[in-house]
Amino acid sequence: MLINQKVLMSGVDYFNDGFAINAYMDDSVPVDVEQAQTEHQAIRHALEDAGVEVVQVKPPHGCQDGVYTANWGLCRGDTVVLSALPNKRQAEEPYAADVLSRLGKRLVYVPKGLKFSGQGDALACSDYLFIGSNYRTDTAVHDFLGKELGFRVISLQTVPTTDSKGQPVINAVTGWPDSFFYDIDLALAVISPQLIAWCPEAFTPESQAKIHAINDLEKIEVSYDEAVKGFACNLVSTGETVIMSANAPELKKALETRGLKTITPQISELAKGGGYIRCTTLTLD
């Protein structure tokens, strides 16, 4: 069964890291927008080469993270549950709602006051929905998503970023807890309806146990180094072709051993925003 056959992409026109809203970002390091544009085009071409239909829209005006469409919502069929984003991304919300409405989606909003990071923090695998907790998505949203979209919810928790004393770091811009796995698509990837890739060290022991207990899915383990430095899990798979990081050779080999084709565009500038290949695409099917 093929997956991710139709995706939404935006653009890099306003991309920068002026507001460091996650643990990857450094507002003292400039972004090369021209290079980011080249990378974005490479992702699109790779998707199209893999047979994916790409719906391209202009990015929301003035939004530094508007290129990361995965965070605009979570779609299943003709329904989308819209995101509730961090303070510096909230201007994207009405734009995303308008775009998705024009694409024929029925719009559903999470209960007021709750945060939800869209597909970035909620990955569907057949009838399972792997959802992150506490950094960008409140646990109170989990059951709501399951009921609205008909998924079997697997609630997961990734490990926090900690300071020199071992205490969790609160992001100075968002006021929310921080993690190198702030969205679950940095720690887990859906390869096919029967196969996931995941980084065990990215998850708390309780969440590791939950994933190990799922017996009807095959699992590829990703190293912590490839997950953090190589953005290995932040990929898009059709079930036959995987568009993934060029800096994750171990995962690449594991996928190809299973008969999957890989395409590995070079990404550097987009990573400065804490996003990668999966982040730039919102699955519409």
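As a starting point, this report considers the structure included with it. What you see is a predicted model, and the numbers here were worked out from it, not measured in a lab.

### Some words on the pattern of salt bridges
Part 1: Scanning the model with the defined rule gives 9 salt bridges in all.
Part 2: A salt bridge links Asp127 to Arg76, with the shortest nitrogen-to-oxygen separation between them at 2.9 Å. Residue Asp127 is located in the loop between strand 6 (122–125) and strand 7 (128–131), and its partner Arg76 is located in strand 3 (residues 73–76); the two are separated by 51 residues in the primary sequence.

### Some words on the nonpolar core
A general trend in soluble globular proteins is that nonpolar side chains are found buried together.
Part 1: Leu47, Phe130, Leu188, Ile191, Phe203 and Leu251 are the most contacted members of the largest nonpolar core, which has 66 residues in total.
Part 2: Once residues lying within four places of it in the same chain are set aside, the contact partners of Leu188 are Leu123, Phe130, Leu156, Ile196, Ala197, Trp198, Phe203, Ile211 and Cys233.
Part 3: By size, the runner-up hydrophobic cluster in this structure holds 14 residues, among which are Val81, Ala122, Val141 and Phe144.

### Remarks on the packing of aromatic side chains
Part 1: Inspection of every chain in the model, using the stated rule, returns 8 aromatic pairs.
Part 2: Both rings, one in Tyr24 and one in Phe180, keep their centres 5.3 Å apart while their planes meet at 80°; by these two values the pair is edge-to-face. Here Tyr24 is found in the loop between strand 1 (6–9) and helix 1 (33–49), whereas its partner Phe180 is found in the loop between strand 8 (152–155) and strand 9 (188–192), with 156 residues between them in sequence.
Part 3: Among the residues examined, Tyr24 registers a relative accessible area of 16% and is labelled buried.
Part 4: Given the relative accessible area of 29%, Phe180 is considered partly exposed.

### What to know about the sheet that holds strand 2 (residues 53–56)
Strand pairing within a sheet occurs via backbone hydrogen bonds; the two strands may be parallel or antiparallel.
Part 1: One open sheet accounts for 3 strands, arranged 2-1-15; its pairing is mixed. Two strands close off the open sheet at either side, each with one partner strand: strand 2 and strand 15 (282–283).
Part 2: The pairing of strand 1 with strand 2 spans 4 bridges and is classified as parallel. Residue pairing for strand 2: Met9 is matched across the bridge by Gln56.

### Comments concerning the sheet that holds strand 4 (residues 79–82)
Part 1: In space, the 3 strands of this open sheet follow the order 3-4-5, with mixed pairing throughout. Either end of the sheet is taken by a strand with one partner, and the two such strands are strand 3 and strand 5 (106–109). With direction set aside, neighbouring strand axes in the sheet form an average angle of 25°.
Part 2: Examined bridge by bridge, strand 4 and strand 5 share 4 bridges and lie parallel to one another. When the bridges of strand 5 are listed, Val80 appears paired with Leu107.

### Notes on the state of the cysteines
In a disulfide, the sulfur atoms of two cysteines are covalently bonded to one another.
Part 1: Counted under the stated rule, the structure contains 0 disulfides.
Part 2: Cys63 carries a free sulfur, and the closest cysteine sulfur to it, the one in Cys279, is 16 Å from it.
Part 3: The structure places no disulfide on Cys279, whose sulfur is separated from the nearest cysteine sulfur, that of Cys233, by 12 Å.
Part 4: For Cys279, a relative accessible area of 3% puts it in the buried group.

### Considering the environment of Val80
Part 1: Turning to its location among the elements, Val80 is positioned in strand 4.
Part 2: Sequence-wise, Val80 and Leu149 are 69 residues apart; in three dimensions their C-alpha atoms are separated by 8.4 Å.
Part 3: Other than its neighbours up to four places away in sequence, Val80 contacts Gly73, Leu74, Cys75, Leu100, Lys105, Arg106, Leu107 and Val108.

### Overview of the pairing of strand 9
Part 1: With 5 of 5 residues buried, strand 9 is to be regarded as a mostly interior element.
Part 2: In the sheet, strand 9 pairs with strand 10 (residues 195–198) via 4 bridges, with the strands oriented antiparallel. Looking at the pairing, Ala189 lines up with Ala197 of strand 10.
Part 3: The hairpin turn running from strand 9 into strand 10, its antiparallel successor, is 2 residues long.

### Quick notes on helix 2 (residues 92–102)
Part 1: If you check which residues of helix 2 are buried, you get Glu92, Ala96, Ala97, Val99 and Leu100. Considered in projection along helix 2, the buried side chains sweep an arc of 165° and stay on one side of the axis. In helix 2, those exposed residues whose orientation departs by more than 90 degrees from the buried face are Pro94 and Arg102.
Part 2: For helix 2, the secondary structure elements touched by its buried residues are strand 1, strand 3, strand 4, strand 5 and strand 15.
Part 3: The positive-phi residue at the C-terminal boundary of helix 2 is Gly104, with phi of around 90°.

Rules behind the numbers
Starting from 1, residues in each chain are numbered consecutively following that chain's sequence as written. Local features in this predicted model are restricted to residues of pLDDT 70 or higher, and side-chain atom pairs are both shown and tallied only at a pLDDT of 80 or more, whereas totals for entire chains, interfaces and linings draw on every residue. With hydrogens and water set aside, each side-chain value is computed from the structure's full complement of heavy atoms. Any Lys or Arg side-chain nitrogen located within 4 Å of an Asp or Glu carboxyl oxygen qualifies as a salt bridge. Only runs of H or I of at least four residues qualify as helices and only runs of E of at least two qualify as strands under DSSP, and these elements are numbered from the N terminus. Nonpolar cores are built from buried Ala, Val, Leu, Ile, Met, Phe, Trp, Tyr and Cys residues. Side-chain atoms within 4.5 Å join them into one set. Each residue is placed in one exposure class: buried if its accessible area under a 1.4 Å probe, protein chains only, is under 20% of its type's maximum, exposed if it is over 50%, and partly exposed if it falls in between. Only heavy atoms enter the contact rule, under which two residues are in contact if any of them lie within 4.5 Å. For Phe, Tyr and Trp, rings pair up if their centres lie within 6.5 Å, where Trp contributes its six-membered ring, and each pair is then called stacked (planes under 30 degrees apart), edge-to-face (over 60) or tilted (otherwise). At least two bridges found by DSSP between two strands are what make those strands a pair. Inter-axis angles, ranging from 0 to 180 degrees, are taken between N-to-C directions of lines fitted to C-alpha atoms, where helices are fitted over the stretch in contact. The disulfide criterion is simple: two cysteine sulfur atoms within 2.5 Å. When we speak of the arc, we mean the arc of directions from the helix axis to the C-beta atoms.

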